[in-house]
Protein chains: 2
Amino acid sequence: MADEDDEDDEGGAGGGTGLPASLEMAWGLRERPGKGPRPTLTLPRIVETAVALAAGEGMDAVSMGRVAKELGVSTMSLYRYVTAKEELYILMSDAGVGAPPALPPEAAGWGWRELLTRWAYAQRAVLMANSWILRIPITGAPVSPNQLAWMERGLAAMADAPLTEGEKISTIILIGGLVRNEATMAADMMDAIVKSGVSPDQVMGQYVRTLRLMTGPDTHPGVTRLLESDAFTGSDEPDFQFRFGLDRILDGLAALVEGRQAVQDGAEA
Amino acid sequence: MADEDDEDDEGGAGGGTGLPASLEMAWGLRERPGKGPRPTLTLPRIVETAVALAAGEGMDAVSMGRVAKELGVSTMSLYRYVTAKEELYILMSDAGVGAPPALPPEAAGWGWRELLTRWAYAQRAVLMANSWILRIPITGAPVSPNQLAWMERGLAAMADAPLTEGEKISTIILIGGLVRNEATMAADMMDAIVKSGVSPDQVMGQYVRTLRLMTGPDTHPGVTRLLESDAFTGSDEPDFQFRFGLDRILDGLAALVEGRQAVQDGAEA
DNA sequence: TAGTTCTGTGTATTACTTACACAGAAGAGC
DNA sequence: GCTCTTCTGTGTAAGTAATACACAGAACTA
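Keep in mind that what you see is a predicted model, and the values were worked out from it rather than measured.

Student: Can you lay out the protein's contact with DNA strand D for me, pointing to particular residues and giving the numbers?
Tutor: With respect to spatial proximity, 27 residues lie near DNA strand D, and among them Pro37(A), Thr40(A), Arg80(A), Gly34(B) and Lys85(B) are the closest. A share of 60% is what sugar and phosphate atoms reach among the atoms of DNA strand D within 4 Å of the protein. A distance of 2.8 Å is found between a phosphate oxygen of DNA strand D and a backbone nitrogen or oxygen belonging to Ser74(A). When its residues are assigned to classes, the surface near DNA strand D shows twelve nonpolar, nine polar and six charged.

Right, here's the structure in full:
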């Protein structure tokens, strides 16, 4: 009945985080064991190769066999560094988002709104520049270094705001979700353009034409009005949708913050 | 140089929508051709079977072979009804969300905010009751009947609001994204609970414990504050996060609407 | 009755993840 | 230096999955 036999997952050398060995490696815990033969590969090199493959040929090209071939090793050797493909995905995702960019000195004077806005745009830029990240099915809460660094940066933006911790993390999740959703839609659009080989306007036009055939003023008055408008065709601003969503969220948050400050001011007076 | 030879996808019997045959079928276009032998299966029966499988054993159990076995036919016979697995996914998704629920009579007196709130909650309820839907990788814009019905319902909620069509559809996408994100997180949580076999609090506790090991006040002050708070452990309200996000969005939208109405009132005076 | 068209199916191809066992390398302890 | 332990890379193989292709036969049309 010794209670040390339920550590059936980790090798025991790690910090007992419950994380897979490769992730403890990514955090810098877990030394290389000094025993066996020198490894040919390193985890960063594997991840780097997989990322290059994803960036170049898309996520579909990333298979264990293909990554191994790219590295000049056998497929199974990768499993010495990673226990499952999903783990490689997490590491790729972490490498793909990278560390959040450094803040300029003048950021010290910025308020939560400016900071959150820049946070959102920076994240969006990263996702759109590495849109293969969006094709990785993420499941579970973030546990990798860079993902947490981004979370920290988002929380820091609201450090001085009169919000509870629950509200802060909810805001981070809310805006993070928006960023991801919008970037994914943009990537889908891109894929459709590349696959069909026609212009963005033509893709949209085809979609509108299709919807017109299935809908009508009787069954779908709202959709019909939408299709008659220039909401789809008029491509005035490419990121209108993103901007609109972010502005609504931040306006709503501002209302909450101002309400809190009014209460606080009233109590102080 | 005849221009009728670029219809290489659809069989020609359909309405020329550019949609795959199975989807035209779902829309009620495209009659059954009277020639060959009577089909053993029907598209709805295939979808129904696949949905039952997904609901019972999860999305991982849904393969073409398995669905066929469940129906007592050969794998390849399914390809007479669906050209690719992705198409079955779309049909499953459409069947899973179903038609939006009927509005009660008193809904006539509701404003856009109440209507949008109920729309969001109704959608969330459907996704959480059929969380396998969240495991289907969706790509591309909605083209199936029920998906469009939900979109229509959302647009209808804002029919009288002083918003442009572009703003309306952006709002639908914004809230729809929130609903999906939050439902997906809840489903991930559920999976973690089922897989580990422990209580929700224990899963959260393990996550917090893990994060504590990787973070510290120096490198992650915001995260540290978060972990010290009861944001994760205090499970006062299970849907706090969802409610919070929705309220922020609707508050932000309200600010926009009120601004518009003020301008309008000023012009009328 | 002949011809056309459509159905279900068997077979086979290709690709992918991963379990398992083995040969050999590198350090640890004596 | 020798032995033992531990760790590495690898080959093989099992299991699963999507789907291209061609064929036999059904049901309708002319």
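Student: Requested: an account of unusual backbone geometry, with residues and values cited.
Tutor: Peptide bonds are trans in most cases, and residues, glycine excluded, mostly fall at negative phi. Phi is positive for Arg30(A), which is not a glycine, with a value near 60 degrees. Of note, Arg30(A) is situated in the loop between helix H1 (21–26) and helix H2 (43–57).

Student: Could you give me a rundown of the interface of chain B and chain A, with the residues and numbers involved?
Tutor: Facing 58 residues of chain B, the contacting portion of chain A comprises 58 residues. Carbon and sulfur atoms supply 71% of the area buried between chain B and chain A, which totals about 4,600 Å² over both sides. Viewed at the interface, chain A and chain B are joined by zero salt bridges. Summed over the shared surface of chain B and chain A, the result is twelve residue pairs in polar contact (both at pLDDT 80 or more). Mapped onto the side of chain B that touches chain A, the elements with two or more residues apiece are helix H6 (145–157), helix H7 (165–196), helix H8 (200–214), helix H9 (221–228) and helix H10 (240–268) of chain B. Among the elements that line the side of chain B that touches chain A, the one with the most residues is H7(B), at 14 residues. In terms of residue class, the side of chain B that touches chain A is built from 29 nonpolar, 21 polar and eight charged.

Student: Could you give an account of the packing of aromatic side chains, naming the residues involved and the relevant values?
Tutor: Scanning the entire structure with this criterion turns up six aromatic pairs over all chains. Judged by centre distance (6.0 Å) and plane angle (85 degrees), the ring pair of Tyr207(B) and Phe232(B) falls under edge-to-face. With Tyr207(B) in helix H8 and Phe232(B) in the loop between H9 and H10, this pair connects stretches of sequence that are 25 residues apart. Look at Tyr207(B) and you get buried, because its relative accessible area is 13%. When the ring centre of Phe244(A) is taken as reference, the NZ or CZ atom of Arg248(A) above it lies at 4.7 Å.

Student: Describe the confidence of the model for chain A, naming the residues involved and giving the relevant values.
Tutor: Averaged over all residues, the pLDDT of chain A is 92; the fraction at 70 or higher stands at 94%. Counting contacts from residues 1–13 of chain A, a segment whose pLDDT is below 50, to residues more than four positions away or on other chains yields five contacts.

Student: Break down the relation of the copies chain B and chain A for me, citing the residues and quoting the values.
Tutor: For the match of chain B to chain A, the screw axis carries a shift of 0.0 Å, the RMSD comes to 0.0 Å, and the turn is 180 degrees. Put plainly, the chains are arranged around a two-fold axis. Among all residues of chain B, the one whose C-alpha sits closest to the rotation axis is Gly252(B), at a distance of 2.0 Å. By residue overlap, the copies meet face to face through one surface: 100% of the interface positions of chain B are interface positions in chain A.

Student: So what about the side chain of Gln123(B)? Which residues, and what values?
Tutor: Counting through the fold element by element, Gln123(B) comes out in helix H5 (residues 112–129). A residue is classified by how much of its surface remains accessible, and Gln123(B), at 18% relative accessible area, is buried.

Student: Describe the protein's contact with DNA strand C, and please don't skip the residues or the numbers.
Tutor: What surrounds DNA strand C is a group of 27 residues, the closest being Arg38(A), Lys85(A), Pro37(B), Thr40(B) and Arg80(B). Among atoms of DNA strand C positioned within 4 Å of the protein, sugar and phosphate together represent 62%. In this structure, Lys85(A) approaches DNA strand C through a side-chain N or O atom, which is 2.7 Å from a phosphate oxygen. Contact between DNA strand C and Tyr81(B): a phosphate oxygen at 2.8 Å from a side-chain N or O atom of the residue. The residue inventory of the surface near DNA strand C, partitioned by class, reads twelve nonpolar, nine polar and six charged.

Calculation notes
- Residues numbered from 1 in each chain as written.
- Chains lettered and ligands numbered in written order.
- Predicted model: local features only at pLDDT ≥ 70, side-chain atom pairs only at ≥ 80, totals over all residues.
- Heavy atoms only, no water.
- Near = heavy atom within 4 Å.
- Polar contact = N/O pair within 3.5 Å; in protein donor to acceptor, adjacent residues only side chain to side chain.
- Nonpolar A, V, L, I, M, F, W, Y, C, P; charged D, E, K, R; others polar.
- Helix = DSSP H or I, 4+ residues; strand = E, 2+ residues; numbered from the N terminus.
- Contact = heavy atoms within 4.5 Å.
- Buried area = accessible area lost by both parts, 1.4 Å probe.
- Salt bridge = Lys/Arg side-chain N within 4 Å of Asp/Glu carboxyl O.
- Phe/Tyr/Trp six-rings, centres within 6.5 Å; stacked < 30°, edge-to-face > 60°.
- Buried < 20%, exposed > 50% of the residue type's maximum accessible area, 1.4 Å probe, protein only.
- Lys NZ or Arg CZ within 6 Å of the ring centre and 35° of its normal.
- pLDDT = per-residue confidence, 0-100.
- Least-squares fit on C-alpha atoms with pLDDT ≥ 70 in both.

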